[in-house]
Amino acid sequence: MSQARRMSETDILNWRRIAAHLTTSGQPTEAQLGALKDLGVTKVINLAPHSNQGSLADEAGSLAALGIPYVNIPVDFDAPQESDFAAFCEAMEKAQDDTLHVHCIFNARVSAFMYRYAKEGRGHDPDALFDVMDGIWRPGGVWAKFIGDPGNEGRENQFAGFEYNPPKKT
(Lines give C-alpha, C1' and ligand atoms only; values in the text may rest on other atoms or scores of the structure.)
Protein backbone atom coordinates (compact mmCIF):
# COMPACT_ATOMS: atom_id res chain seq x y z
CA MET A 1 0.00 0.00 0.00
CA SER A 2 1.43 3.41 -0.95
CA GLN A 3 2.04 6.22 1.57
CA ALA A 4 -0.90 8.14 0.07
CA ARG A 5 -3.23 5.19 0.62
CA ARG A 6 -2.16 4.77 4.27
CA MET A 7 -3.86 8.00 5.24
CA SER A 8 -6.97 7.76 7.34
CA GLU A 9 -10.33 8.11 5.65
CA THR A 10 -11.15 10.56 8.42
CA ASP A 11 -8.64 12.97 6.84
CA ILE A 12 -11.33 13.60 4.22
CA LEU A 13 -13.18 16.88 4.79
CA ASN A 14 -16.23 16.39 7.04
CA TRP A 15 -15.97 12.58 6.89
CA ARG A 16 -18.71 10.81 8.87
CA ARG A 17 -19.53 7.12 9.45
CA ILE A 18 -23.30 6.73 9.31
CA ALA A 19 -23.43 2.92 9.54
CA ALA A 20 -21.09 -0.04 9.09
CA HIS A 21 -21.55 0.10 5.31
CA LEU A 22 -22.20 3.83 4.84
CA THR A 23 -19.92 6.86 5.08
CA THR A 24 -20.25 10.45 3.88
CA SER A 25 -17.88 13.38 3.34
CA GLY A 26 -16.84 16.43 1.44
CA GLN A 27 -14.77 15.98 -1.73
CA PRO A 28 -12.07 13.31 -1.41
CA THR A 29 -8.72 13.83 -3.12
CA GLU A 30 -7.38 11.27 -5.61
CA ALA A 31 -5.30 9.68 -2.82
CA GLN A 32 -8.30 9.60 -0.51
CA LEU A 33 -10.30 7.69 -3.14
CA GLY A 34 -7.69 4.96 -2.71
CA ALA A 35 -8.11 5.13 1.07
CA LEU A 36 -11.86 4.63 0.58
CA LYS A 37 -11.16 1.52 -1.50
CA ASP A 38 -8.87 0.24 1.27
CA LEU A 39 -11.73 0.87 3.70
CA GLY A 40 -13.87 -1.49 1.60
CA VAL A 41 -16.01 1.03 -0.28
CA THR A 42 -17.63 -0.67 -3.28
CA LYS A 43 -19.68 2.25 -4.65
CA VAL A 44 -19.50 6.05 -4.59
CA ILE A 45 -22.34 8.54 -5.04
CA ASN A 46 -21.39 12.19 -5.64
CA LEU A 47 -24.04 14.91 -5.24
CA ALA A 48 -21.84 17.75 -6.54
CA PRO A 49 -21.70 18.98 -10.12
CA HIS A 50 -18.32 18.28 -11.74
CA SER A 51 -18.04 22.01 -12.41
CA ASN A 52 -17.82 22.87 -8.68
CA GLN A 53 -14.56 24.32 -7.44
CA GLY A 54 -12.69 21.52 -5.72
CA SER A 55 -14.14 18.72 -7.85
CA LEU A 56 -11.73 16.19 -9.27
CA ALA A 57 -10.96 16.48 -12.99
CA ASP A 58 -12.09 12.89 -13.71
CA GLU A 59 -13.52 11.29 -10.59
CA ALA A 60 -15.47 8.75 -12.62
CA GLY A 61 -12.25 7.64 -14.37
CA SER A 62 -10.28 7.54 -11.13
CA LEU A 63 -12.90 5.37 -9.47
CA ALA A 64 -13.21 3.14 -12.54
CA ALA A 65 -9.45 2.55 -12.33
CA LEU A 66 -10.00 1.43 -8.72
CA GLY A 67 -12.89 -0.84 -9.76
CA ILE A 68 -15.48 1.24 -7.88
CA PRO A 69 -18.80 2.05 -9.58
CA TYR A 70 -19.71 5.75 -9.51
CA VAL A 71 -23.00 7.65 -9.62
CA ASN A 72 -23.10 11.43 -10.08
CA ILE A 73 -26.27 13.36 -9.23
CA PRO A 74 -25.25 16.99 -9.86
CA VAL A 75 -27.31 18.94 -7.31
CA ASP A 76 -27.31 22.73 -7.79
CA PHE A 77 -26.55 24.05 -4.29
CA ASP A 78 -28.76 27.09 -4.88
CA ALA A 79 -31.73 25.04 -6.11
CA PRO A 80 -32.01 21.41 -4.93
CA GLN A 81 -34.82 19.69 -6.83
CA GLU A 82 -37.29 16.96 -5.97
CA SER A 83 -35.96 15.11 -9.04
CA ASP A 84 -32.48 15.20 -7.42
CA PHE A 85 -33.91 13.62 -4.27
CA ALA A 86 -35.77 10.99 -6.30
CA ALA A 87 -32.53 10.09 -8.13
CA PHE A 88 -30.71 9.94 -4.79
CA CYS A 89 -33.34 7.61 -3.28
CA GLU A 90 -33.12 5.35 -6.32
CA ALA A 91 -29.30 5.26 -6.13
CA MET A 92 -29.43 4.50 -2.39
CA GLU A 93 -31.89 1.65 -2.93
CA LYS A 94 -29.73 0.18 -5.71
CA ALA A 95 -26.69 0.36 -3.41
CA GLN A 96 -28.19 -1.55 -0.47
CA ASP A 97 -25.74 -4.42 -0.92
CA ASP A 98 -22.72 -2.14 -1.32
CA THR A 99 -20.32 -0.51 1.09
CA LEU A 100 -21.27 3.00 0.07
CA HIS A 101 -19.58 6.37 0.29
CA VAL A 102 -21.67 9.46 -0.51
CA HIS A 103 -20.00 12.83 -0.93
CA CYS A 104 -20.33 16.33 -2.32
CA ILE A 105 -17.90 19.23 -1.91
CA PHE A 106 -18.42 20.00 1.80
CA ASN A 107 -20.90 17.31 3.00
CA ALA A 108 -23.67 19.91 3.16
CA ARG A 109 -25.78 18.58 0.27
CA VAL A 110 -25.15 15.00 1.40
CA SER A 111 -25.97 15.54 5.07
CA ALA A 112 -29.25 17.27 4.13
CA PHE A 113 -30.14 14.49 1.68
CA MET A 114 -29.29 11.81 4.26
CA TYR A 115 -31.34 13.57 6.96
CA ARG A 116 -34.37 13.90 4.68
CA TYR A 117 -33.94 10.28 3.55
CA ALA A 118 -34.05 9.12 7.18
CA LYS A 119 -36.80 11.56 8.12
CA GLU A 120 -38.99 10.01 5.41
CA GLY A 121 -38.46 6.56 6.97
CA ARG A 122 -36.14 5.22 4.28
CA GLY A 123 -33.39 4.10 6.64
CA HIS A 124 -31.25 5.15 9.58
CA ASP A 125 -32.17 7.20 12.62
CA PRO A 126 -33.39 10.71 11.72
CA ASP A 127 -32.23 12.15 15.06
CA ALA A 128 -28.72 10.78 14.54
CA LEU A 129 -28.63 12.12 10.99
CA PHE A 130 -29.89 15.49 12.17
CA ASP A 131 -26.93 15.55 14.57
CA VAL A 132 -24.56 14.68 11.71
CA MET A 133 -26.00 17.51 9.62
CA ASP A 134 -25.94 19.96 12.54
CA GLY A 135 -22.27 19.17 13.12
CA ILE A 136 -21.56 20.37 9.56
CA TRP A 137 -24.16 23.06 8.87
CA ARG A 138 -27.58 24.46 9.69
CA PRO A 139 -29.64 24.73 6.51
CA GLY A 140 -31.65 27.86 5.80
CA GLY A 141 -33.54 29.11 2.75
CA VAL A 142 -34.12 26.55 0.00
CA TRP A 143 -32.33 23.87 2.02
CA ALA A 144 -34.58 24.37 5.04
CA LYS A 145 -37.54 23.95 2.69
CA PHE A 146 -35.89 20.87 1.13
CA ILE A 147 -35.54 19.12 4.51
CA GLY A 148 -39.01 20.18 5.70
CA ASP A 149 -37.94 22.83 8.22
CA PRO A 150 -40.26 25.78 7.46
CA GLY A 151 -39.19 27.68 10.58
CA ASN A 152 -35.74 28.24 9.07
CA GLU A 153 -36.69 29.03 5.47
CA GLY A 154 -36.10 32.75 6.14
CA ARG A 155 -32.61 32.15 7.55
CA GLU A 156 -29.27 32.02 5.78
CA ASN A 157 -27.31 28.77 5.75
CA GLN A 158 -24.83 28.60 8.63
CA PHE A 159 -21.69 26.50 8.68
CA ALA A 160 -20.06 24.90 11.72
CA GLY A 161 -16.91 26.63 12.80
CA PHE A 162 -17.86 29.80 10.94
CA GLU A 163 -21.30 31.00 12.05
CA TYR A 164 -21.68 28.69 15.07
CA ASN A 165 -19.89 26.08 17.14
CA PRO A 166 -21.44 22.64 16.73
CA PRO A 167 -22.60 20.84 19.86
CA LYS A 168 -19.97 18.70 21.57
CA LYS A 169 -20.55 14.97 21.76
CA THR A 170 -20.60 13.65 25.33
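Preceding this section is the structure that the text describes.
No experiment lies behind these values; they were computed from the predicted model shown.

All right, on to the overall build of the chain then. Helices and strands together make up the secondary structure of the chain, namely 6 helices and 7 strands. The order of α-helices and β-strands along the chain, N terminus first, is β-β-α-β-α-β-α-β-α-α-β-α-β. Computed over the C-alpha atoms, the radius of gyration of the chain is 15 Å, within 12% of the 15 Å expected from 2.2 N^0.38 for a compact globule of 170 residues. The principal-axis extents of the C-alpha atoms in the chain amount to approximately 50 × 35 × 30 Å.

To continue, consider the pairing of strand β1 (residues 16–19). Where β1 and strand β2 (residues 22–25) come together, 3 bridges link them in antiparallel fashion. Bridging across to β2, Arg17 finds its partner in Thr23. Taken together, β1 and the strand that follows it, β2, pair antiparallel across an intervening segment of 2 residues.

The next point concerns the packing of helix α4 (residues 108–119) against helix α5 (residues 126–134). Look at α4 against α5: their axes get within 8 Å of each other, and the N-to-C directions meet at 165°. In terms of orientation, α4 lies roughly antiparallel with respect to α5. Between α4 and α5 lies a crossing whose hand is left-handed. Here Ser111, Ala112, Met114, Tyr115, Ala118 and Lys119 of α4 lie close against α5, whose contacting residues are Pro126, Leu129, Phe130 and Met133. Looking at the contact of α4 with α5 residue by residue, the classes come out as 8 nonpolar, 1 polar and 1 charged.

Analysis parameters
Residues numbered from 1 in each chain as written. Predicted model: local features only at pLDDT ≥ 70, side-chain atom pairs only at ≥ 80, totals over all residues. Heavy atoms only, no water. Helix = DSSP H or I, 4+ residues; strand = E, 2+ residues; numbered from the N terminus. Rg over C-alpha atoms; globule rule 2.2 N^0.38 Å. Pairing = 2+ DSSP bridges. Axes fitted to C-alpha atoms, helices over the stretch in contact; angles between N-to-C directions. Parallel < 35°, antiparallel > 145°, perpendicular 65-115°, else oblique. Left-handed = near helix turned anticlockwise from the far one by under 90°. Contact = heavy atoms within 4.5 Å. Nonpolar A, V, L, I, M, F, W, Y, C, P; charged D, E, K, R; others polar.

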